[in-house]
Amino acid sequence: MKWMVCAALAALAFSTRAEEAATCAVTVEVGDSLYFSRKEITVDSSCESFSLTLKHVGKMPASAMGHNWVLTRSEDFDDAVTDAQRAGIENDFVKPGDERVLAATKVIGGGEETTITFDPSILESGGDYTFFCSFPGHYVLMRGKLIVR
Ligand code: CO
């Protein structure tokens, strides 16, 4: 009987953790063309930390078809993307010290993946946020909305 209770508790703990992982972490796939697998990402403001994994499922190298994931306030997007594209691949196409960039992954190529973690409290509930790839020219198609609940 004791064993059964333990097993039930263990199962409960596991499912609770799995649910948290679903809302506090997302994976976005990219490939050898200009797309993000998600056009919209929702961040739950109750998450202690939020993890974003960018996974490049293509074959092309970062120098030719690199992608990153960069987050700004939508009002900062136009200016931030202009500077980011000029920053060079050595800076992962993010202007060093740019305060308009709230979070950013490095640039990755085919077969690579990278994860960043940030504190959702840096984001305003109901705020208007845009994520994009800052590899030159990609932002035209590679962009989406981030929503904070
Ligand atoms: Co890209």
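Looking now at the coordination of the cobalt ion. Each protein donor to the cobalt ion is listed here as H67 (ND1), C133 (SG), H138 (ND1) and M142 (SD); together their distances run 2.0 to 2.7 Å. One can describe the donor arrangement at the cobalt ion as tetrahedral, given that its four donor atoms subtend angles of 85 to 130 degrees at the metal. Each donor residue of the cobalt ion belongs to the same chain, with the gaps between them written as H-x65-C-x4-H-x3-M. Within this pair, whereas H67 is found in the loop between α2 (62-65) and β4 (70-73), its partner M142 is found in the loop between β7 (129-132) and β8 (143-148), the two being separated by 75 residues in sequence. A relative accessible area of 0% places M142 in the buried class.

As summarised here, the arrangement of the three strands in space is β1-β3-β6, forming an open sheet in which the pairing is mixed. The sheet terminates laterally at β1 (25-30) and β6 (113-118), the two strands that pair on one side only. Neighbour-to-neighbour, the strand axes of this sheet turn through a mean angle of 15 degrees, independent of strand direction. With six bridges connecting them, β1 and strand β3 (residues 50-56) associate as parallel partners. Looking at β3, one finds that V30 is bridged to H56.

A separate point is unusual backbone geometry. Positive phi is not limited to glycine here, since D92 has a value of about 55 degrees. Among the secondary structure elements, D92 is positioned in the loop between α3 (77-86) and β5 (103-104). Positive phi values are uncommon outside glycine, yet F93 reaches one of about 55 degrees. Within the secondary structure, F93 is located in the loop between α3 and β5.

The full count for this structure, using the stated rule, is one disulfide. Put simply, C24 and C47 are joined by a disulfide, and their sulfur atoms are 2.0 Å apart. Between C24 and C47 the disulfide shows an S-S torsion of about -90 degrees. By sign, it is left-handed. With a gap of 23 residues between them, C24 in helix α1 (residues 2-24) and C47 in the loop between β2 (40-43) and β3 connect regions that are remote in the sequence.

On to α3. Those residues of α3 that fall on the buried side of the exposure criterion are F77, A80, V81, A84 and Q85. Down the axis of α3, the smallest arc covering the buried residues is 125 degrees, so these residues share one side. Set apart from the buried face of α3 by more than 90 degrees, the exposed residues are D78, D79 and R86. Those residues of α3 hidden inside the fold are in contact with β4, β7 and β8. One or two positions beyond α3, positive phi appears at G88, with a value near 85 degrees.

Formed by 26 residues in total, the largest nonpolar core has its most connected members in F36, I41, W69, L71, F118 and L146. Elements with a minimum of two residues in this core: β1, β2, β3, β6, β7 and β8. Once residues lying within four places of it in the same chain are set aside, the contact partners of F118 are S49, F50, W69, L71, A103 and L123. By size, the runner-up hydrophobic cluster in this structure holds six residues, among which are V70, V81, V94 and F132.

With that settled, the discussion passes to the side chain of H56. Position of H56 relative to the elements: it lies in strand β3. A distance of 3.1 Å separates the side chain of H56 from the backbone nitrogen of G58, its partner in a polar contact. Polar side-chain contacts of H56 include one of 3.0 Å to the backbone oxygen of M65.

Rules used in this analysis
Residues numbered from 1 in each chain as written. Predicted model: local features only at pLDDT ≥ 70, side-chain atom pairs only at ≥ 80, totals over all residues. Heavy atoms only, no water. Donors = N, O, S within 2.8 Å, 3.2 Å for Na, K, Ca; no water. Tetrahedral: all angles 85-135°; square planar, octahedral: opposite > 155°, others 65-115°. Helix = DSSP H or I, 4+ residues; strand = E, 2+ residues; numbered from the N terminus. Buried < 20%, exposed > 50% of the residue type's maximum accessible area, 1.4 Å probe, protein only. Pairing = 2+ DSSP bridges. Axes fitted to C-alpha atoms, helices over the stretch in contact; angles between N-to-C directions. Disulfide = S-S within 2.5 Å. Arc of directions from axis to C-beta. Contact = heavy atoms within 4.5 Å. Core = buried A, V, L, I, M, F, W, Y, C linked by side-chain atoms within 4.5 Å. Polar contact = N/O pair within 3.5 Å; in protein donor to acceptor, adjacent residues only side chain to side chain.

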